[in-house]
Amino acid sequence: MISLSSNPDLRRAAAQAIDAAEAQDASADEDEHPKLVESLKQGWLLSYQAIAVVAALFAGMEASLITLAKTPEPDDHGPLRFPQSAFQNAVLGLAYVALALN
């Protein structure tokens, strides 16, 4: 049986083979994983940007509904005509809840 400790050339060759295998594994990981991670990252960023735009649109609609419902109505024409104040309070309450949950 050949011992690595007795033959320095064999020890050096084994160390070089191990280093070459580790370098090959590292280069394969560097090539494959960052592409995959970058692709996933870009997908998530696009999804979050779309969600943020939709949430901003909903918040704008809810804020305008609150503004219209709280505006005092003139006698001749109002922005929103509610037959009873209970309906107006319900619309305001639901708009505030929707704005808070958004």
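Residues numbered from 1 in each chain as written. Predicted model: local features only at pLDDT ≥ 70, side-chain atom pairs only at ≥ 80, totals over all residues. Heavy atoms only, no water.

J.: Can you walk me through the overall build of the chain in this structure?
T.: What the chain contains, in helices and strands, is two helices and zero strands. Going through the 102 residues of the chain one by one, you find that 6% of them count as buried. Total accessible area on the chain stands at roughly 8300 Å², and carbon and sulfur atoms take up 65% of it. (Helix = DSSP H or I, 4+ residues; strand = E, 2+ residues; numbered from the N terminus. Buried < 20%, exposed > 50% of the residue type's maximum accessible area, 1.4 Å probe, protein only. Areas by Shrake-Rupley, 256 points an atom, 1.4 Å probe, with all protein chains shown as cover.)

J.: Would you explain the environment of Lys70 in this entry?
T.: Within the fold, Lys70 resides in helix H1 (residues 8-70). As for Lys70 and Asn89, which are separated by 19 residues in sequence, their C-alpha atoms are 9.3 Å apart. Every residue in contact with Lys70, bar those within four places of it in the chain, is listed here: Gln88, Leu92 and Tyr96. (Contact = heavy atoms within 4.5 Å.)

J.: So what exactly am I meant to see when it comes to a nonpolar patch on the surface here?
T.: A grouping of Leu36, Leu40, Trp44, Tyr48 and Ile51 is seen on the molecular surface, where their side chains present a nonpolar patch of about 590 Å² in accessible area. Counting through the fold element by element, Leu36 comes out in helix H1. (Patch = residues over 30% accessible without salt bridge, like charges linked within 9 Å, V, L, I, M, F, W, Y side chains within 5 Å. Salt bridge = Lys/Arg side-chain N within 4 Å of Asp/Glu carboxyl O.)

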